[in-house]
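# A closer look at the structure
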Number of protein chains: 2
Amino acid sequence: MRTHHCNQLRSSDIGSTATLIGWVNSARDHGGVIFIDLRDREGLTQCVFRPEENAEAAKLSHQLREEDVVLVTGHVEKRLDGTLNDKIDTGEIEIIATNLTIVNKAEVLPFQLDKELSNEDLRMKYRYLDLRRPRMTNNLRTRHRVTKSSRDFLDEQGFCEIETPILSKSTPEGARDFLVPSRMHGGHFYALPQAPQQYKQLLMVGGIERYFQIAKCFRDEDLRADRQPEFTQIDIEASFVDQDEVIGMVEGLLGRVFKESINAEIPTSFDRMTWKEAMNRYGSDKPDRRFGLEFVDLTEELKDCEFRVFSGTVANGGIIKAINAKGFADISTGQIDKLTKLAQDAGAKGLAYIQARGEERSTWRSPFVKRMTDDEVEALRTKLNIEPGDLILFAADQWESACDVLGRVRLACADMQKLTEGSKELNFLWVTEFPLLAFDDEEGRYVAVHHPFTRPHPEDEAKLLAGDLSTDIRALAYDVVLNGHELGGGSIRIHEAPLQSAMFKALGITEEHAAAEFGHILDAFKFGAPPHGGVALGLDRLVMLICGEDSIREVIAFPKNNKGNDLMSQSPAEVDPKQLRDLRIQSTAKKKQDGPQ
Amino acid sequence: MRTHHCNQLRSSDIGSTATLIGWVNSARDHGGVIFIDLRDREGLTQCVFRPEENAEAAKLSHQLREEDVVLVTGHVEKRLDGTLNDKIDTGEIEIIATNLTIVNKAEVLPFQLDKELSNEDLRMKYRYLDLRRPRMTNNLRTRHRVTKSSRDFLDEQGFCEIETPILSKSTPEGARDFLVPSRMHGGHFYALPQAPQQYKQLLMVGGIERYFQIAKCFRDEDLRADRQPEFTQIDIEASFVDQDEVIGMVEGLLGRVFKESINAEIPTSFDRMTWKEAMNRYGSDKPDRRFGLEFVDLTEELKDCEFRVFSGTVANGGIIKAINAKGFADISTGQIDKLTKLAQDAGAKGLAYIQARGEERSTWRSPFVKRMTDDEVEALRTKLNIEPGDLILFAADQWESACDVLGRVRLACADMQKLTEGSKELNFLWVTEFPLLAFDDEEGRYVAVHHPFTRPHPEDEAKLLAGDLSTDIRALAYDVVLNGHELGGGSIRIHEAPLQSAMFKALGITEEHAAAEFGHILDAFKFGAPPHGGVALGLDRLVMLICGEDSIREVIAFPKNNKGNDLMSQSPAEVDPKQLRDLRIQSTAKKKQDGPQ
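The rules we used
- Residues numbered from 1 in each chain as written.
- Chains lettered and ligands numbered in written order.
- Predicted model: local features only at pLDDT ≥ 70, side-chain atom pairs only at ≥ 80, totals over all residues.
- Heavy atoms only, no water.
- UniProt positions renumbered as here; feature names shortened; annotations may be inferred.
- Helix = DSSP H or I, 4+ residues; strand = E, 2+ residues; numbered from the N terminus.
- Buried < 20%, exposed > 50% of the residue type's maximum accessible area, 1.4 Å probe, protein only.
- Contact = heavy atoms within 4.5 Å.
- Lys, Arg positive; Asp, Glu negative; His and termini not counted.
- Charge placed at Lys NZ, Arg CZ, Asp CG, Glu CD.
- Domains from an automatic or database assignment.
- Pairing = 2+ DSSP bridges.
- Salt bridge = Lys/Arg side-chain N within 4 Å of Asp/Glu carboxyl O.
- Polar contact = N/O pair within 3.5 Å; in protein donor to acceptor, adjacent residues only side chain to side chain.
- Least-squares fit on C-alpha atoms with pLDDT ≥ 70 in both.
- Core = buried A, V, L, I, M, F, W, Y, C linked by side-chain atoms within 4.5 Å.
- Patch = residues over 30% accessible without salt bridge, like charges linked within 9 Å, V, L, I, M, F, W, Y side chains within 5 Å.
- Areas by Shrake-Rupley, 256 points an atom, 1.4 Å probe, with all protein chains shown as cover.
- Phe/Tyr/Trp six-rings, centres within 6.5 Å; stacked < 30°, edge-to-face > 60°.
- Lys NZ or Arg CZ within 6 Å of the ring centre and 35° of its normal.

The name given to chain A in an unreviewed UniProt entry is Aspartate--tRNA(Asp/Asn) ligase, with the source organism recorded as Haloferula rosea. Here is the UniProt Function (unreviewed entry) comment for chain A, exactly as written: "Aspartyl-tRNA synthetase with relaxed tRNA specificity since it is able to aspartylate not only its cognate tRNA(Asp) but also tRNA(Asn). Reaction proceeds in two steps: L-aspartate is first activated by ATP to form Asp-AMP and then transferred to the acceptor end of tRNA(Asp/Asn)." In its Catalytic activity (unreviewed entry) section, the UniProt record describing chain A reads: "tRNA(Asx) + L-aspartate + ATP = L-aspartyl-tRNA(Asx) + AMP + diphosphate".

### Re the overall build of chain A
Scanning chain A from N- to C-terminus turns up 17 helices and 23 strands. The principal-axis extents of the C-alpha atoms in chain A amount to approximately 95 × 75 × 60 Å. Looking at chain A as a whole, 57% of its 597 residues are labelled buried. At a minimum sequence separation of 6, the contacts of chain A that also span at least 24 residues come to 67%. Distance between charge centres in chain A, computed from 76 positive and 97 negative side chains, equals 4 Å.

### A word on the domain arrangement of chain A
According to the domain assignment, chain A consists of domain 1 (11-104), domain 2 (136-273 + 428-555) and domain 3 (291-417). For domain 1 of chain A and domain 2 of chain A, the distance between their C-alpha centroids amounts to 52 Å.

### What about the pairing of strand β1 (residues 17-30) of chain B?
Residue and element names in this part refer to chain B. Sheet analysis places β1 next to strand β4 (residues 69-78), joined by seven bridges and oriented antiparallel. Following the sheet pairing, Ala-18 is matched in β4 by Gly-74. What sits between β1 and strand β2 (residues 33-40) in their antiparallel hairpin is a turn of two residues, with Gly-31 showing a positive phi close to 60°.

### Considering the pattern of salt bridges
Once the charged atoms of two side chains with opposite charge are near each other, the side chains can pair. This model, assessed by the stated rule, comprises 120 salt bridges over all chains. In this structure, Arg-39 of chain B and Glu-67 of chain B form a salt bridge, with 2.9 Å as the shortest nitrogen-oxygen distance. With a gap of 28 residues between them, Arg-39 of chain B in strand β2 and Glu-67 of chain B in the loop between α1 (55-61) and β4 connect regions that are remote in the sequence. Residue Arg-39 of chain B shares its accessibility class with Glu-67 of chain B, and that shared class is buried. When the shortest N-O distance is used, the salt bridge between Lys-259 of chain B and Glu-265 of chain B registers 2.9 Å. Three or more residues joined by partner-sharing salt bridges are found here, namely Glu-116, Arg-123, Arg-127, Asp-130, Arg-133, Arg-135, Glu-549 and Glu-554 of chain A.

### Digging into the interface of chain A and chain B
On the side of chain B, 123 residues touch chain A, which itself brings 123 residues to the contact. Linking chain A with chain B are 17 salt bridges. For Arg-176 of chain B, the salt bridge identified is with Asp-582 of chain A, shortest N-O distance 3.6 Å. Across the chain A-chain B interface, the total number found is 71 residue pairs in polar contact (both at pLDDT 80 or more).

### Describing helix α14 (residues 497-506) of chain B
All names here are of chain B. Of all ten residues that make up α14, seven are buried, and the element is covered over most of its length. Looking at α14, one finds that the buried residues are Ala-497, Leu-499, Gln-500, Ala-502, Met-503, Phe-504 and Ala-506. Tucked into the core, α14 has its buried residues touching β18 (437-440), β19 (445-448), α13 (461-466) and α15 (511-524). Trailing α14 by a residue or two, Gly-508 shows a phi angle of about 75°, which is positive.

### Description of the relation of the copies chain A and chain B
Note on the copies: chain A fits chain B at an RMSD of 0.1 Å, the axial shift is 0.0 Å, and the rotation between them is 180°. Given the turn and translation reported, the copies of this chain are related as if by a two-fold rotation axis. In this assembly, 100% of the residues forming the interface of chain A have copies in chain B that are likewise at the interface, indicating an isologous arrangement.

### Let's talk about the side chain of Thr-299 of chain A
All names here are of chain A. Note on placement: Thr-299 falls in helix α8 (residues 299-302). Among the polar contacts made by the side chain of Thr-299, one reaches the main-chain amide nitrogen of Ile-320 at a distance of 3.1 Å. Beyond its immediate sequence surroundings of up to four residues, Thr-299 is in contact with Val-314, Gly-318, Ile-319 and Ile-320.

### Some remarks on the nonpolar core
Ranked by internal contacts, the top residues of the largest apolar core, which has 81 residues, are Leu-203 and Leu-393 of chain A together with Tyr-128 of chain B. Counting residues in hydrophobic clusters, the runner-up holds 80 residues, among them Tyr-128 of chain A together with Tyr-199, Leu-203 and Phe-295 of chain B.

### Focus on a positive patch on the surface
Among the surface-exposed residues, Arg-219, Arg-224, Arg-227, Lys-286 and Arg-541 of chain B lie close enough to one another that they form a single positively charged patch. Take Arg-224 of chain B: it is sitting in the loop between β9 (210-218) and β10 (230-239).

### Some details on unusual backbone geometry
Residue and element names in this part refer to chain A. The amide bond that connects Ser-571 to the next residue, Pro-572, takes the cis arrangement and shows omega of -5°. Positionally, Pro-572 belongs in the loop between α16 (539-547) and α17 (577-583). You will see that Leu-293, though not glycine, has its phi angle at about 50°, which is positive. As for its placement among the helices and strands, Leu-293 is situated in the loop between α7 (275-282) and β12 (296-297). Judged by its relative accessible area of 9%, Leu-293 falls in the buried class. You will see that Lys-418, though not glycine, has its phi angle at about 55°, which is positive. Relative to the assigned elements, Lys-418 resides in the loop between α12 (399-416) and β17 (428-432).

### Re the packing of aromatic side chains
Scanning all chains against the criterion turns up 40 aromatic pairs over all chains. An angle of 85° between the planes, with centres 4.9 Å apart, marks the rings of Phe-307 of chain B and Phe-310 of chain B as edge-to-face. Judged by relative accessible area, which is 12%, Phe-307 of chain B ranks as buried. Note on Phe-310 of chain B: relative accessible area 1%, which makes it buried. Plain terms: the ring middles of Phe-307 of chain B and Phe-368 of chain B are 4.7 Å apart, the flat faces sit at 10° to each other, and that makes the pair stacked. With a gap of 61 residues between them, Phe-307 of chain B in the loop between α8 (299-302) and α9 (308-315) and Phe-368 of chain B in the loop between β15 (364-365) and α11 (374-384) connect regions that are remote in the sequence. Exposure remark for Phe-368 of chain B: the relative accessible area of 1% places this residue in the buried category. In this structure, Lys-276 of chain A packs its charged tip against the face of Trp-399 of chain A, placed 4.6 Å from the ring centre.

As structure tokens, then:
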């Protein structure tokens, strides 16, 4: 229908004829002559409707309103001096229209496209209009570039994209499943997959060697701030690889993705840190290293401190850690309260701090510093490099709790200090040697930190086989982190039936239960399963970070809100009772309104 | 772990050292020396374990059994004269092993991989072993090439791949939906999409202009021979395009796909035929034109025939058509019975035929030819070009039934004559101008042939707007056909609210109902919807035809059987009653066994 898109005509086209189609981005009347900015997904072009060119078109142009779809033909001319627009790429030219067709009139929109809209419900209800904003269109196009470059890279590396089933089987381990009632088998249900984990391992048993899939996954969890019930991951598995090979492959993949989506150069290999070190230094398994605020251990220095919170904790087998927020001694009381509340919500009793206003300890504002000896104060000063103006924040508890609490305080403190504001840094990190097992107090048993197919570290394999269980058993599991966000993670897997059985046993899964739920996996491992491992990257979060957005909803075409609703199509919805009868299910939910089910 | 894959070493590598890993495809003992063919996904390499190289490895090699996973290091040597194997690419060399590691022992497999297995249930239960057959691995790799080349082509054409929701809304039109109970909204359900039809149109309203998605779709239908409850389509939509542009784009896409998947050159543009012509000439909306057997109309010639089946049908407004199966006069009685049964199953009373054994009508075997005049016989002879040895098959009924019946007979007859056996021909065809509406006798109303968003042909638009309904109203809908299989289809869509309302009205959908079910689409069309259209290609069938397979199950990694079961993971399955309580649903299916729900 058109000869050019709206971001194509340049000075060199002056004198030619062009036909454009698109939306009226804006219409202005200058002394009886209508000027419009015509918009398509590529950009804007100014069109002018002069009566001397075509009186009928000029007359019609007075009817044009924002978001009308119009077809315009005309001469490409140089704009008059003083009317050039260097904000748009077509700013040197304009179309002097010889023809105008109004293809589809638009009613007045429920909101303006050129203003940011804080009412997200309204945006979601009219998502098809919201997507017309260049920011949203560009986000979706960037997402396409990310998936395209991922596929190009993986294809070149010999990976084969294979679709695994969406109508899948419910697994007892992991998050809550979405279920799909089977009509042909009453009382039986499919489940939507939380990940293609078992299928990708079975593809390795099937000799595919290098698999990937940009896969839809589903979790029926209560939606926290930025989760979606369905999400997408770049899912990868390979045979005959070790951890270093998987890591190198992901580094290559991300390098290609950042280059081709936003032309960013990232390191060809990322720093690595064990989980233990990440917890010890940053109190997080996904440390944001764009700023310091590193933990300093003070257990030894403060073990005899008169302040019982410290010495009592150490006597109990706990530890003491602190961070130095340089130059933040003038933190407000409100901010201190906020950090304290955060620490308490994370399980701490309170938050010990020192506002080091001056050089002398007498100038230090702190609830407990007066109970410290001079030696203790000097030890703090040295190890934490305390200078006038610094704020010191402490955590004292059992190792993991102390690290976790101080890790959260560290992030909130960096946020208050705006340490990353405006930063363009892309700080990548591998966290390795995650624990294999965690102890679930509620269930009174060990659970898998990653999933039940994760391989133990070779040095700890004997312990697992012997049933000598603890959270010290390390896994061959790794996460890739960007600016404090987990981009993804993976592991080398178990490929032998006896080791897999030992793992199920460690998780308290009986042989009968394992056979019923995972029989096909255990069987598969008996018939020549190759060593294999893999990784999965969260696509939504990756694209969010690449687009510089704060929410994954900004990079998903039709997201759901945090109640799981699509406000545009109004799903989920009630259905025809006949559909439920066909499925042989009944709803037991109480209806809000009276009336027949 | 390896230096080479198993289809890599050549004569030029002789003298070097290599490490391979893979599966023992076969093991043979030649005078105490073990020879194995080592297999990975790329091919085979022969490895020899001579005691003089490494006595320990040679001893270990006697334990090797089929499908063990092994790691072999050794020298690449030329095979002895007379032992070269020109059936495999590595047939000139062998590895003289210096090291052997048995990575994972395999138990005896439930079936042999080098034999075709007719027990499909067994193949499906052990799909992870079935996939190790080179045929299956190659099918999956070809599928990958098809999707990769589709994406490359569409990307180059400016199409943007966008994911639309899987947790979607149930629509009253169309096939039966799979439902997903919402836990957060008791009594409410998501539906799995039958196609992303509404979303892709809304993306056009959203200004995306060129969208595609390789999309999972779902239909809860009773599974006929070769259907799957979940299937995949290459889903495409574009704004500002007409039918010719969509058609040209699909031709370019398929050209690229056939070239890059199986190195086949196909025509750059395909023949086109209206639906009416396809029915008139072949009795099918997806005619297989690799053979003739074209319909000849005999309504005029036989309208006064003494044989009442013919003349009575014409008197009733019906028609008479026939095909000439050249040289098939010696069809067996059993085959005639089979064709007759087929015609009857399709709604005919019987099947009229002539076996023209010789030149003279007296030699023609037929239940009715004796009741024909000489003029009638000569008219038949001329129009059908009857020669000795020909078989003529007739249909007489109302136009659509007669075409349909004779179309089925035509296909079965071609099958009996083996007209396409061994053919490598790729015969593409566009069928255009499908009817917009069909009359559903059961529901007593018109239904959409394609879907309710399909645009009427411009020449018939006024009729739809005026409510002057008939099955003669043509749609701007088109299907692409390959060798008698529908590869896909699409249409130009309605983009104006008034025309869409007229369409809903034609389908007997009330304004209230339309507002409730399709309100967001009708709304969207009010805010400047661009003209748009698109197409969807069935990926599973396309790959099946490319791979030369007879069933889509051969090109799906983990298909379900025709009862919707995955025999490997045993889904669908019963679930923990707590899961149903969480979802506030109950099963009303009777349990086969006693016991608590």
